[in-house]
Amino acid sequence: MSEGSNAGLAYGDKDSSRSSNTPIQSKTSDGRSPQLLPPIGKAEIGFSGTPASLKSPTETKARFHAGCVPKQSIYMDWNSVRADKKKHSVKHSRQKKTKSLASFKDAEEQETISHYLNRNKDYLETYILESVPQDVVEKWLHMKMKNNAINVHPKLSYNRPSASHDHSRTTKQMFMDILKIYKEDPREHTVLWQLAKSVATSIGVETYRVYKLFPDHPTFVQHFVIDHTKLPQNQPVPSTLERSDPQQVELVLEVAKKGTSKRVSRFDDPLRFPETPLSLLKSCNSRNKQGNYILYQPIITKSGKTSYVLEMWRTKDRFKVIDEEISGHIVVWGSVALHYCKLYVDKKRERNMSDFLLDVVKAIFEEMVSLDQLIKRILEFAQRLVNADRASLFLVDYRNSELVSTVFDLKFEPGLDLDMEKKEIRMPINRGIAGHVALSGETMNIPDAYSDYRFNRDVDEATGYKTISILCMPIKVEGKVIGVVQMVNKRDDKYFGDDDEAAFEIFSTFFGLALHHARLYDRIMRKEQKYRVALEVLSYHNTCREYEVQAMLLDKEPLNVDFADFYLDPFRFDEFEKCKCIISMFRDLFDMTQFDITTLTRFTLTVKKNYRTVPYHNFDHGWTVAHAMYAILKSDVKERFDYNKRLALFVACLCHDLDHRGYTNKYMSETASPLAAMYTTSTLEHHHFNITVTILQQDGHNIFSHISSEDYKEILGFIRHCILATDLAAFFPNLDKIRELYRSDEAQFSWDDPSHRDLAMAISMTAADLSASAKPWEIQIKTVKVIFEEFYDQGDKERAAGRIPIPMMDRNKPEEQPASQVGFLSQICIPCYDMLYRILPNTKPMYAMATKNLNRWKARADKILFKQDSKKDNSKDSLEPKDGIGDDDDDVTVKNEGNKRVEIIRQESKTIIGEAQPKPVVWNDDEEFAVEQTFRSNIWKEIDGVTWIEEEGVLVASEATKKDDTV
């Protein structure tokens, strides 16, 4: 060895290198790199063999070792490298970059420098990191990987550095290997294990371990259990996870929290350095009994949380920065693969979950009739979903602040039909993990139940069962916790994972809906049972007695009555006779071979009993309407209505006001009646039809029992149509439609058109319902009296509720009766009978009598108005203010004239006539209609253009019309 070599060895000592560090930190005068290697020796040795004497001593000492020449400064001064690139051609520069230590002439010089660099690795590392560009380092690494490709040892060992790193595979190749594994087995743990093997192979470690973290439980860490009988590169994907010792994962948790890699040395931090996993060292046949260096590499998820940490061990050589960078690059690419792997698994899980939930929905509808059976069935599905060993459901009893369970500790027994004894368990809502979930509404995934202070150990102590892990989740409906599901001990693993939690959260939504609807169904069933009992009680009181039926059947006294007379007086019969009349008219209209006389009698008597005892809408009114329809049908000698329609018309008239309460539809809506809540339009009419069907469904009441099912359905549809047509809100649209058919010179109405026949049925129902206005005057007066008595009853209730009734329903304004009857007859009854007369000409007597009654009501209204006008004129001169009261004050007195109650109102003369004239109002439900006919007289000439309102068969004005100056 030359003198320079000996000198180099001397300077290569540790002390020598330290002494040479001081002048290195200062810059040279020419501004070149300050990082200078310690001097090798006095011998003038250059890289190219050029004597150092050719250079000035000052220049040599300022930039190079003794014996180094500036010709080879391209390997030492990288500023010069960039300058040379500009001066030389690309070809010449490429040749210079590919030179190696073999370019030295003297092999002895090479050995000297190599020996020196081996003894000063720390300095060499610092020099490369600070002075060598990254692209040059990458090029060297690439060349190193190529040169060592054939010398790579399959065993992971850092004892021989030349064989420790598998640099033959680039990052791209490693990533492709991960993708290949992903295609073959897209499970997350499979891809993760391949990633760990790639990182360990790339940086050269003796053994490694993978830790799994749980973000929701910061102190809980698990690691994969490997097969110690196999080498690391031959390790299969671990199938189990084991909880790590909390004292040994302090550094793991620190790395997970910071999200950055960390190098640890036993010699630098012996107190925090974890114990060496001897089993891992044995698995790779290592003779060392402890590891001294660790590199921790976190794997970050998309959300920015650490999901896994790689722990890599070496026994001799420290981990360098380059190891961190290489492992970091590979982990970044591997994280992408893990991300897409998780997406794939999530999609697959969603598809499986959809199939699973479909089975759940099917089971829900199958077991909906029993709440307890439904709970058991759903818990079985929940156990199968997360593979739990035991399951319990607690319902929240907020009234008593308790958790109630009828299915507790359900054991996992696939394929068996569980038939558990119903046993109710109650516990305070603030006790145990289930109580905490019920109060907080948060899901709890507890991997170690005994480490949680909220866990109640009494059950385990009583049953001898060992609870390890618990997954407890609230069942919510509309944001309110109605129950808690608790899963105990995962069967294929020790702990419930995030996947179990996510799947169970989706399932809990269906669980909540099923539980909520099952409870509603259970309540409905209970309500239905109560309803049936109540209906049974009501049917007993609303059904005719059997002795009444027998009395009717045994009565053979004939009725000498002309039922075809439109003017038949309904007040001449009592209720028993009216029932006999109904049966007689029914016999006359229809073929009795299709009907049972006992059933018909029972039906008629029960219909009578289901009419309330209100002043007007009672059984007398129902009988009158049924008789009017009989007269209409008998007058139709051509039988334009077929058999089923005639049957439906007669039955509908008899039942059209069943259970009428004596109030209008508007009043029912304003008072929030339950009936109004059930039906948005024609409230009472829908109710009348439902009562009709209810009577028909009672035992011994179905008069259509001998008719075919097709005819029965058709007749019921006609009955519904006819009863709904009695609502005067539907009359005006029907009237407009049928008028349109008669508007042209040639009538377009045709009995062959089904829609035209439906209109004819509707008009016939209205005509029959208003038949009291087509009766002789004596009968009309009696009917109007009971009508207004019913109106006044409603007005009294409205006044008691703090509302002002309309004048027609105001008991204190009886003078409004004639005016309202004039408007009612002229705008509703006369147009109705006029159109019925066109359709069925033989109904002319109804039109004629209604016209006569209108004239009588006009005369009475004129008389009342004239009398009021005369009294006002006579008292006009005698009106004087008293006690400071002006002309605007009212003075009301009341007189009795026979049986009539008359109010005499003394007001200012210019308001007298206005008070006496009819008052315009709006039609029911704000539906306006045009006045078809007007009747003029010296009093009623201002009626033109006035809008009227219908209130159960009477029109009345809402406010006074303008003053008529001609009166």
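Residues numbered from 1 in each chain as written. Predicted model: local features only at pLDDT ≥ 70, side-chain atom pairs only at ≥ 80, totals over all residues. Heavy atoms only, no water.

## A short note on the confidence of the model for the protein
Convention followed: Summary of the metric used: pLDDT quantifies the predictor's per-residue confidence within the range 0 to 100. Pairs of residues are marked as contacts when any of their non-hydrogen atoms sit within 4.5 Å.
Summing up the model confidence of the protein, the mean pLDDT is 75 and the portion of residues at 70 or higher is 71%. Note that pLDDT drops below 50 for residues 97-105; the model gives that stretch 13 contacts with residues more than four away or on any other chain. Note that pLDDT drops below 50 for residues 877-967; the model gives that stretch 184 contacts with residues more than four away or on any other chain.

## Looking at the sheet that holds strand β3 (residues 241-243)
What counts is decided by this rule: Only strands joined by at least two bridges in the DSSP assignment are considered to pair. Put simply, DSSP marks the helices as runs of H or I at least four residues long and the strands as runs of E at least two long, and each gets a number from the N terminus on. Fitted lines through C-alpha atoms give the axes, limited to the stretch in contact for helices. The angle between two N-to-C directions lies from 0 to 180 degrees.
Pairing in this open sheet of six strands is antiparallel, and the strands run β3-β2-β1-β6-β5-β4 from one edge to the other. In this open sheet, the two strands that pair with only one neighbour each are β3 and β4 (262-265). Across this sheet, the average inter-strand angle for adjacent strands is 30°, counted without regard to direction. Note: strand β5 (residues 293-300) against strand β6 (residues 306-314), eight bridges, orientation antiparallel. Looking across to β6, one finds that Y296 is bridged to E311. Contacts from helix α12 (residues 188-203) reach β1 (207-214), β2 (217-224), β3, β5 and β6, with the element oriented near 35° to β6. This element, helix α15 (residues 321-366), spans β4, β5 and β6 of the sheet and lies at about 30° to β5.

## Digging into the pattern of salt bridges
Operational definition: We define a salt bridge as a side-chain nitrogen of Lys or Arg found within 4 Å of a carboxyl oxygen belonging to Asp or Glu. Exposure is judged per residue with a 1.4 Å probe applied to protein chains only, and the accessible area is read against the type maximum: over 50% gives exposed, under 20% gives buried, and values in between give partly exposed.
For the coordinates displayed, the defined rule picks out 32 salt bridges. Taking the shortest distance from any N to any O, the salt bridge between E546 and R602 comes out at 3.3 Å. Here E546 is found in helix α20 (residues 546-554), whereas its partner R602 is found in helix α22 (residues 597-609), with 56 residues between them in sequence. Note on R602: relative accessible area 13%, which makes it buried.

## Some words on the nonpolar core
To be explicit about the condition: Joining through side-chain atoms within 4.5 Å is the link that ties buried Ala, Val, Leu, Ile, Met, Phe, Trp, Tyr and Cys residues into a set, and such a set is a nonpolar core.
F704 and I719 are the most contacted members of the largest nonpolar core, which has 105 residues in total. Looking at this core, the element that brings in the most residues is helix α32 (residues 816-839), giving 11 residues. When residues no more than four places from it in sequence are discounted, the contact partners of I719 are A648, V651, A652, F689 and F704. Counting residues in each nonpolar core, the second largest holds 33 residues, with L357, I375, L395 and L515 among its members.

## As for the environment of R454
Formally: For the purposes of these results, a polar contact is taken to be a pair of N or O atoms within 3.5 Å, where, inside protein, one atom must be able to donate a hydrogen and its partner to accept one; residues adjacent in sequence count only when each atom of the pair is a side-chain atom.
Mapped onto the fold, R454 is located in the loop between β10 (444-446) and α18 (458-463). Each C-alpha atom, one on R454 and one on I433, is 5.6 Å from the other, the two residues being 21 residues apart in sequence. When near neighbours in sequence (up to four residues on either side) are disregarded, R454 contacts G432, I433, H436 and M444. Reaching out from R454, the side chain makes a polar contact with the side chain of H436 at a distance of 3.2 Å.

## Observations regarding helix α31 (residues 777-800)
In plain terms, the rule: Helices are assigned an expected span. That span is 1.5 Å times one less than the residue count.
Given a rise of 1.5 Å per residue, 24 residues ought to cover 34 Å, and the 34 Å separating the end C-alpha atoms of α31 matches this to within 8%. Where α31 terminates, the next one or two residues include G802, which has phi positive at roughly 95°.

## Focus: the UniProt feature "binding site: Zn(2+) 2" (unreviewed entry) in the protein
For clarity, the threshold we go by: UniProt positions are given in the numbering used here, feature names are shortened, and annotations may be inferred rather than shown by experiment.
UniProt tags D657 as "binding site: Zn(2+) 2" (unreviewed entry). Examined against the element boundaries, D657 turns out to sit in the loop between α24 (643-655) and α25 (665-670). In this structure D657 touches Y611, H617, H621 and H688, once residues within four positions along its chain are discounted.

## Points about α20
In plain terms, the rule: Working definition: the arc comes from the directions between the helix axis and the C-beta atoms, pointing outward to the latter.
The set of residues buried in α20 consists of V549, M552 and L553. The buried side chains of α20 occupy one side of the element, clustering within an arc of 95° when seen end-on. Looking at α20, the residues exposed on the side facing more than 90 degrees away from the buried face are Y547 and L554. Tucked inside the fold, the buried residues of α20 contact α21 (575-589) and α22.

## Digging into the UniProt feature "active site" (unreviewed entry) in the protein
The feature "active site" (unreviewed entry), as annotated in UniProt, sits at H617 in this numbering. Looking at where H617 falls in the secondary structure, it is placed in the loop between α22 and α23 (619-635). Relative accessible area serves as the criterion here: at 4%, H617 is assigned to the buried category. Of note is the side chain of H617, whose polar atom sits 2.5 Å from the side chain of E790.

## With respect to unusual backbone geometry
A positive phi angle, near 60°, is found at N387, a position not held by glycine. Within the secondary structure, N387 sits in the loop between α16 (371-386) and β7 (388-397). A relative accessible area of 21% places N387 in the partly exposed class. For D659, which is not glycine, the phi torsion reads 60° and is therefore positive.

## Notes on the packing of α21 against α22
As a reminder, the rule being used: For this classification, under 35 degrees means roughly parallel, over 145 means roughly antiparallel, 65 to 115 means roughly perpendicular, and everything else is oblique. Crossing handedness is read from the near helix: turned anticlockwise from the far helix by less than a right angle, it gives a left-handed crossing, and turned clockwise, a right-handed one. Just so you know the grouping, Ala, Val, Leu, Ile, Met, Phe, Trp, Tyr, Cys and Pro go in nonpolar, Asp, Glu, Lys and Arg go in charged, and all remaining residues, Gly too, go in polar.
In the contact formed by α21 and α22, the axes pass within 10 Å of each other and the chain directions differ by 135°. Relative to α22, the element α21 lies oblique. Between α21 and α22 lies a crossing of right-handed hand. Listed contacts from α22 to E575, C579, I582, I583, F586 and R587 of α21 are I597, L600, T601, T604, L605 and K608. Taken together, the residues that form the contact of α21 with α22 break down as seven nonpolar, two polar and three charged.

## Thoughts on a nonpolar patch on the surface
Definition in use: Exposure above 30% relative accessible area and no salt bridge define the residues that can form patches, which grow by joining like charges within 9 Å and nonpolar side chains of Val, Leu, Ile, Met, Phe, Trp and Tyr within 5 Å. In short, Shrake-Rupley with a 1.4 Å probe defines the accessible areas, and a residue's cover is counted only from the protein chains shown.
On the surface, V336, Y340 and L343 cluster together into a nonpolar patch covering about 270 Å² of accessible area. Within the secondary structure layout, V336 lies in helix α15.

## Remarks on the pairing of β5
Here is the key point about a regular strand: its side chains alternate between the two faces of the sheet. Counting buried positions over the eight residues of β5 gives seven, a clear majority of the element. In this structure, β4 lies alongside β5, joined through four bridges in antiparallel fashion. Considered in β5, the bridge of V264 is made with I294. From the end of β5 to the start of β6, which pair antiparallel, there are five residues, and G304 there has a positive phi angle of about 90°.

## Digging into the packing of aromatic side chains
What counts, and what does not: Classification of ring pairs rests on two measures: the distance between centres of Phe, Tyr or Trp rings, Trp counted by its six-membered ring, which must be within 6.5 Å, and the angle between planes, read as stacked under 30 degrees, edge-to-face over 60 and tilted in between. Look at NZ for Lys and CZ for Arg. If either is within 6 Å of the ring centre and within 35 degrees of the ring normal, a charge sits over the ring.
Here the structure, examined in full by the defined rule, presents 25 aromatic pairs. Their ring planes at 10° and their centres at 6.3 Å tell us that Y837 and Y847 sit as a pair that is stacked. Of this pair, Y837 sits in helix α32 while Y847 sits in helix α33 (residues 844-874), placing them 10 residues apart in sequence. Among the residues examined, Y847 registers a relative accessible area of 24% and is labelled partly exposed. One aromatic cluster is present, built from ring pairs that chain together F586, F590, F595, Y643 and F650. Geometry around Y465 places R390 over its ring, the cationic atom sitting 4.4 Å from the centre. Its guanidinium or amino end placed over the ring of Y450, K466 lies 3.8 Å from that ring's centre, counting from NZ or CZ.

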